[in-house]
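# Observations on chain architecture
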Amino acid sequence: MAKDKLNRNSIGLIGTSAINNILYMFINTFMVAYFFTVTNYDYKIISLYYIASFIAIPLCFWLLGDVIKTKSKVAVYRTGIVLYCIYILTIAFLKEKILDYYILLGFYYGIVQGFFWSAGHTLVNETAGEERISKKFVSIKSIIGKICNIIFPVLFGASIEFTSFFYIAKIIIPISITQFAFSLLIKEDKTDKKENFNIIKYIGYIKKNETKKVKTLYKVMIYEGIVHYLLATLITIVIVMTFKTTLNLGILTTIFAIFSIISVYIFQKVYKNKNPKKFIFICAAVLALSVICLLFKIDKTTVIIYNLANSVFMVLLINYADMKRYNCTEGYKEIKEKFLVEHQVISETVLAISRILGYLTLFIISFSDNIIYFKILLLIVTLCIVLYAKELYKD
């Protein structure tokens, strides 16, 4: 059991990740709700904000690849945290003027995430690459994240309702500083072999060698951009349209986070198999059915049914996908030793293309007031859930 104990780097990564969840929730739930309400339920600004962000993220992965591989991933990771704090300060300073700079803010947010995750994914791969460790790491990270999701949504929702979105932005700043403090626990691996970043060489290696698990992961990433990111935005839009206030949004997020914690705890205790096919099938089936309910009618009942299904089953699919991302290089010694950064760059590029296509579709349908187009997009997402599960289903 001692071998499974989380080390100092794991604790630092879990701490920074948990605070990243809080910041992510503030930006990607309540800022989406703010944009949506002040523009009278117009999807255009939200779509363009995210498209700009998802263009910047892979650009950072590509541009920082050599720095991460030959210089210092920890320095890049900490720079991402500092840039995040500056981003929150900018929102607090601009106040209502953020609507005038939403594309620039989206691009800058992408740079923040690019710095944070270009180094973060590689650090996690190095720290929790083995399956037994990645299972524990992902489960603990998820449970702590969901505990934050219990506390902060109601706090944010109530505070925004009775003060303002920008007042909460100021409160977020100390949380961001705490994230930097956690990053000080993370130390550079001094045994790393310093080789130059070479994406062409890595692609050649993938083509010439049998790397089935890695190729399957890239297929998973194609659908994850739609299933994990676009769907979350669509549901935030639906909740705001249905329940109207940020307080209700916060209360619902908190309630369903409790279900997620129970679900993740059971997953951590029960999951034994390398490829739990029945569990993947059940998660995908329930999620697809819950989205189909929204196709027939969008009201408080169907929104609650979807969110209940999402909180219990989507979190398990995402956790399993995370485990695949972190341990899919096991058994490929050359990738682990020479191409880990290149592997993460390809993963993120595929994910970014998926996200951009998803939000571009949302932007296109924003030109029509007919709800049928929104429902067609939900139908496409439902199909993606099935295809996502199909790729996770593979060995």
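Note: the structure precedes this text.
Here we summarise the structure given alongside this text. Only a predicted model underlies this, so the values are computations on that prediction, with no experimental measurement involved. (Residues numbered from 1 in each chain as written. Predicted model: local features only at pLDDT ≥ 70, side-chain atom pairs only at ≥ 80, totals over all residues. Heavy atoms only, no water.)

### Notes on the overall build of the protein
- The number of helices and strands found in the protein is 14 helices and zero strands.
- Helices and strands appear in the protein in the N-to-C order α-α-α-α-α-α-α-α-α-α-α-α-α-α.
- Put simply, the protein has 395 residues, and 58% of those count as buried.
- The long-range share in the protein, meaning contacts at least 24 apart out of those at least 6 apart in sequence, stands at 88%.
- As presented, the protein carries roughly 17,100 Å² of accessible surface, and 67% of it is formed by carbon and sulfur atoms. (Helix = DSSP H or I, 4+ residues; strand = E, 2+ residues; numbered from the N terminus. Buried < 20%, exposed > 50% of the residue type's maximum accessible area, 1.4 Å probe, protein only. Contact = heavy atoms within 4.5 Å. Areas by Shrake-Rupley, 256 points an atom, 1.4 Å probe, with all protein chains shown as cover.)

### Looking at the side chain of Ser 53
- You can see Ser 53 is positioned in helix 2 (residues 44-70).
- Residue classification places Ser 53 among the buried residues on the basis of a relative accessible area of 1%.
- The contact partners of Ser 53, leaving out residues within four places of it in the chain, are Gly 106, Phe 107, Tyr 109 and Gly 110.

### Some remarks on the packing of aromatic side chains
- Under the definition given, this model contains 15 aromatic pairs.
- A ring pair is formed by Tyr 49 and Tyr 50, whose centres lie 5.4 Å apart and whose planes are at 80°; its orientation type is edge-to-face.
- The buried category is assigned to Tyr 49, whose relative accessible area is 2%.
- For the ring pair Tyr 50 and Phe 54, a centre distance of 5.7 Å and an interplane angle of 15° mean the geometry is stacked. In this pair, Tyr 50 and Phe 54 are both assigned in helix 2, four residues apart and thus about one turn of the helix distant.
- Judged by its relative accessible area of 5%, Phe 54 falls in the buried class.
- The structure contains a cluster of three or more aromatic residues connected by ring pairs, namely Tyr 49, Tyr 50, Phe 54, Tyr 84, Tyr 87, Tyr 108, Tyr 109, Tyr 229 and Tyr 359.
- Its guanidinium or amino end placed over the ring of Phe 367, Lys 44 lies 4.6 Å from that ring's centre, counting from NZ or CZ.
- One Lys or Arg, Arg 355, reaches over the ring of Tyr 229 and ends 4.0 Å from the middle of that ring. (Phe/Tyr/Trp six-rings, centres within 6.5 Å; stacked < 30°, edge-to-face > 60°. Lys NZ or Arg CZ within 6 Å of the ring centre and 35° of its normal.)

### A short note on the nonpolar core
- Among the nonpolar cores identified, the biggest contains 126 residues, and Ile 27, Phe 35, Tyr 49, Tyr 87 and Tyr 388 are the most heavily contacted of them.
- With 18 residues, the single largest contributor to this core is helix 8 (residues 212-243).
- Not counting the four nearest positions on each side in its chain, Tyr 49 is found in contact with Ile 27, Met 31, Phe 35, Tyr 87, Tyr 102, Leu 105, Gly 106 and Tyr 109. (Core = buried A, V, L, I, M, F, W, Y, C linked by side-chain atoms within 4.5 Å.)

### Here's the deal with the environment of Val 315
- Here Val 315 lies in helix 11 (residues 300-327).
- For the pair formed by Val 315 and Val 264, sequence separation is 51 residues and the distance between their alpha carbons is 7.3 Å.

### Details of the packing of helix 8 against helix 11
- Interhelical geometry of helix 8 versus helix 11 gives an angle of 155° and a closest axis separation of 11 Å. One finds that helix 8 runs roughly antiparallel with respect to helix 11. In this structure, helix 8 crosses over helix 11, and the sense of that crossing is left-handed.
- Looking at side-chain class alone, the contact of helix 8 with helix 11 contains 15 nonpolar, four polar and four charged residues. (Axes fitted to C-alpha atoms, helices over the stretch in contact; angles between N-to-C directions. Parallel < 35°, antiparallel > 145°, perpendicular 65-115°, else oblique. Left-handed = near helix turned anticlockwise from the far one by under 90°. Nonpolar A, V, L, I, M, F, W, Y, C, P; charged D, E, K, R; others polar.)

### Description of a nonpolar patch on the surface
- A grouping of Ile 55, Leu 59, Leu 63 and Phe 107 is seen on the molecular surface, where their side chains present a nonpolar patch of about 380 Å² in accessible area.
- Element by element, the count of residues in the nonpolar patch is highest for helix 2, at three residues.
- Secondary-structure assignment places Phe 107 in helix 4 (residues 102-127).
- Judged by its relative accessible area of 34%, Phe 107 is partly exposed. (Patch = residues over 30% accessible without salt bridge, like charges linked within 9 Å, V, L, I, M, F, W, Y side chains within 5 Å. Salt bridge = Lys/Arg side-chain N within 4 Å of Asp/Glu carboxyl O.)

### Structural notes on the environment of Leu 184
- Structurally, the position occupied by Leu 184 is in the loop between helix 6 (165-183) and helix 7 (199-208).
- Sequence spacing of Leu 184 and Asn 9 is 175 residues, and the spatial spacing of their C-alpha atoms is 9.3 Å.
- Once you skip the residues sitting within four places of it in the chain, Leu 184 turns out to touch Arg 8 and Arg 78.

### Digging into helix 13 (residues 340-365)
- With 26 residues, helix 13 extends 38 Å between its outermost C-alpha atoms, agreeing within 8% with the 38 Å of an ideal straight helix rising 1.5 Å per residue.
- Of all 26 residues in helix 13, 20 are buried; the element is thus mostly enclosed. (Expected span 1.5 Å × (residues − 1).)

### Thoughts on the pattern of salt bridges
- The tally for this structure, following the rule as stated, stands at four salt bridges.
- Residues Asp 299 and Lys 297 are paired through a salt bridge, measuring 3.6 Å at the closest nitrogen-oxygen approach.
- Accessibility expressed as a relative area gives 51% for Lys 297, which makes it exposed.
- Glu 348 serves as the salt-bridge partner of Arg 355, at 3.2 Å between the closest nitrogen and oxygen. The residues Arg 355 and Glu 348 share a single accessibility class, namely buried.

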